[in-house]
Each structure stands twice: as C-alpha cells, then as structure tokens.
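Close look at the chain arrangement
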Amino acid sequence: MLTHVWGLLAHPNREWRQIHSERETLTHLYGHHVLALAAIPVVCAFIGTTQVGWDYGGGVNIQLNYADAFFAGLAFYVAILAAVGLMGVVIHWLARRYSTQPSRRDCIIFAGYVATPMFLSGLVALYPLLWLCLLAIIVGLCYSAYLLFVGIPAFLGISNEEGFIVTGSTLGIGVLVLEALLGITVLLWGYGARLLGVEL
C-alpha cells in the first residue's frame, strides 16, 4: 500500500503503469488501500474534534464528546467508501463512448487510487481550523485532478485527447461529490450526532 502512495505522489506516470500491471481485484483495493487511507481523515477528525474542537473563527469553537464523534466518524467513513465506488461508476459511465472501454472494476480501482491525495489531506483535521482544512482540501483536489489526467491514458488506456473530456467531466462530478461530503462533514463533525436526533 505505502509503495503505491509514495509512487503516486512522486512519479505517478510510472506508478499508474505498475498498478495496471498488477491487475488487482476490488477486494484487494479496498483491503490494502481504500479502507486504510479513508480512515486517515476520520481518525484525525475524531481526535481533532474531541481534543481541540472545530474552530469556525469569531470565537466559535465546537468540541464533541467521544460518543458523538464516534457516530459522526462512522457515518463519515461509510460516506467516503461509498463516494469512491460512486466515482468509479461515474468514470465507467463516461468512458463507455470511447473505443477503449475499461471495465467497471478498473474504473473503481482507478477512482480509489485517484482519491489518495484527498485521503492524505485529511491529516490537517488533527487541528480542525476551517480555513486550514479548506486549503488542504483544495491542494488534495488539485493533485487528485493531476492523477486523474495522468492516469486516464496510463491506467485506463484512453487517449490523451479523449481523456481530456473524461478528466473534465469526472472532475466536475467529483467536485459535486466532494461538496456533498464537505456538507456531511460540517453537519456531522461540526454539530455532531445531535443534529441527527441521536440522544446519547
């Protein structure tokens, strides 16, 4: 797992070809990459919201108790895992019109690795300052877009010309999914399980 993480950050072109040659399964992807990396923002947000509290500026600071943070983290984790699968299905749907049609499995695997920078950007949730978290998300999103652009020809076998359209469409839909996740994050981590009507 860590080899692919470093490779995607340091030399993505070569790493995409390496990942493609491994022909891994969805079980392997989730078991050795997505489940572990998706836990980074969840665990960091759990620690940050229970020990420091969300700082929204203007003296507003919201700190959750352990039970609220646990249920919020569990819901957030499930949402992240579902988002990876959803983006894989979106990429598969967008790629159907091209001469090289990757399988749904390949597209979900691709989405799981493209999300790597977004997972890593969750480290800043240890100190949940709103502007800092937004900055980290923007940086992670930009690098994920770069991985998407580089990986479409190297991993999915779609030409650069066709891949540009897939990249733009996927990025647009991905931003919408990210905004939905951010909304969930604000609701769950910012205000906790009380908004969901959970009495603890």
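Up top is the structure.
Let me begin by describing the structure that accompanies this report. The shown structure was predicted, so the numbers you read here are calculated from the model rather than taken from an experiment. (Residues numbered from 1 in each chain as written. Predicted model: local features only at pLDDT ≥ 70, side-chain atom pairs only at ≥ 80, totals over all residues. Heavy atoms only, no water.)

Our next topic: the overall build of the protein chain. In terms of regular secondary structure, the protein chain is built from eight helices and two strands. Helices and strands in the protein chain line up, N terminus first, as α-α-α-β-β-α-α-α-α-α. Pairs at least 24 apart in sequence give 73% of the contacts found in the protein chain among residues at least 6 apart. Of the roughly 9800 Å² of accessible surface on the protein chain, 70% is carried by carbon and sulfur atoms. (Helix = DSSP H or I, 4+ residues; strand = E, 2+ residues; numbered from the N terminus. Contact = heavy atoms within 4.5 Å. Areas by Shrake-Rupley, 256 points an atom, 1.4 Å probe, with all protein chains shown as cover.)

What follows deals with the environment of Ala154. Inspection of the secondary structure puts Ala154 in helix α7 (residues 130-156). Each C-alpha atom, one on Ala154 and one on Asn13, is 6.7 Å from the other, the two residues being 141 residues apart in sequence. Once you skip the residues sitting within four places of it in the chain, Ala154 turns out to touch Asn13, Trp16, Arg17 and His20.

Time to look at a nonpolar patch on the surface. Taken together, the side chains of Val43, Ile47 and Leu126 present a nonpolar region at the surface, about 230 Å² in accessible area. You can see Ile47 is positioned in helix α3 (residues 26-51). (Patch = residues over 30% accessible without salt bridge, like charges linked within 9 Å, V, L, I, M, F, W, Y side chains within 5 Å. Salt bridge = Lys/Arg side-chain N within 4 Å of Asp/Glu carboxyl O.)

So, on to empty space enclosed by the protein. Scanning all chains against the criterion turns up one cavity of 30 Å³ or more. Taken as a whole, the largest cavity encloses approximately 40 Å³ of empty space. Lining the largest cavity are Ile19, His20, Arg23, Glu24, Arg105, Asp106, Ile109 and Phe155. The set of elements that each furnish at least two residues to the lining of the largest cavity consists of α2 (12-22) and α5 (104-114). Top contributing element to the lining of the largest cavity by residue count: α5, with three residues. (1 Å grid on protein atoms, 1.4 Å probe; cavity = no way out; pocket = protein on both sides within 12 Å on 5 of 7 lines; lining within 4 Å. Points joined across faces, edges and corners; volume = space filled by probe spheres on them.)

For the rest of this paragraph, the subject is the nonpolar core. The biggest cluster of nonpolar side chains holds 42 residues, and the ones touching the most others in it are Trp16, Phe110, Phe119 and Leu156. Those elements that provide at least two residues to this core are α1 (2-10), α2, α3, α4 (66-95), α5, α7 and α8 (160-191). Residue contributions to this core peak at 11 residues, all from α4. For Leu156, the residues in contact, after removing those within four places along its chain, are Ile91, Thr100, Pro102, Asp106, Cys107, Phe110 and Gly151. (Core = buried A, V, L, I, M, F, W, Y, C linked by side-chain atoms within 4.5 Å. Buried < 20%, exposed > 50% of the residue type's maximum accessible area, 1.4 Å probe, protein only.)

On to the packing of α5 against α7. Where α5 meets α7, the axes come as close as 10 Å, and the angle between the chain directions of the two elements is 150 degrees. Judged by the twist between their axes, the crossing of α5 over α7 is right-handed. Listed contacts from α7 to Asp106, Cys107, Ile109, Phe110, Tyr113 and Val114 of α5 are Ser144, Leu147, Leu148, Gly151, Ile152, Phe155 and Leu156. Looking at side-chain class alone, the contact of α5 with α7 contains 10 nonpolar, two polar and one charged residues. (Axes fitted to C-alpha atoms, helices over the stretch in contact; angles between N-to-C directions. Left-handed = near helix turned anticlockwise from the far one by under 90°. Nonpolar A, V, L, I, M, F, W, Y, C, P; charged D, E, K, R; others polar.)

To continue, consider the environment of His28. Its place among the elements puts His28 in helix α3. On a C-alpha basis, the gap between His28 and Ile109 in space is 9.4 Å, while along the polypeptide they are 81 residues apart.

Enumeration over the complete set of coordinates arrives at seven aromatic pairs. Considering the side-chain rings of Phe70 and Phe71, the 5.5 Å spacing of their centres and the 75 degrees angle between planes classify their relative orientation as edge-to-face. Members of the aromatic cluster, connected to one another through ring pairs, are Trp16, Phe110, Tyr113 and Phe155. (Phe/Tyr/Trp six-rings, centres within 6.5 Å; stacked < 30°, edge-to-face > 60°.)

In this section: the environment of Thr49. Within the fold, Thr49 resides in helix α3. Sequence separation between Thr49 and Ala69 is 20 residues, and the spatial gap between their C-alpha atoms is 7.1 Å.

Note on terminology: a disulfide is the covalent bond linking the sulfur atoms of two cysteines. A full pass over the atoms with the stated rule returns zero disulfides. Not engaged in a disulfide, the cysteine Cys44 finds its nearest cysteine sulfur in Cys133; these two sulfurs lie 9.9 Å apart. On the basis of relative accessible area, Cys44 is assigned to the buried category, the value being 7%. (Disulfide = S-S within 2.5 Å.)

Right, let's talk about the pattern of salt bridges for a bit. Where side chains of opposite charge bring their charged atoms close, a pairing between them can arise. A complete count under the given rule lists two salt bridges for this structure. Salt-bridge contacts for Arg23 lead to Asp106; the nearest nitrogen and oxygen are separated by 3.7 Å. With a gap of 83 residues between them, Arg23 in the loop between α2 and α3 and Asp106 in helix α5 connect regions that are remote in the sequence. Arg23 gets classed as partly exposed once you look at its relative accessible area, which sits at 44%. Residues Arg105 and Asp106 are paired through a salt bridge, measuring 3.0 Å at the closest nitrogen-oxygen approach. Taking relative accessible area as the criterion, Asp106 reaches 8% and is therefore assigned buried. A single network of salt bridges, built from pairs that share partners, joins Arg23, Arg105 and Asp106.

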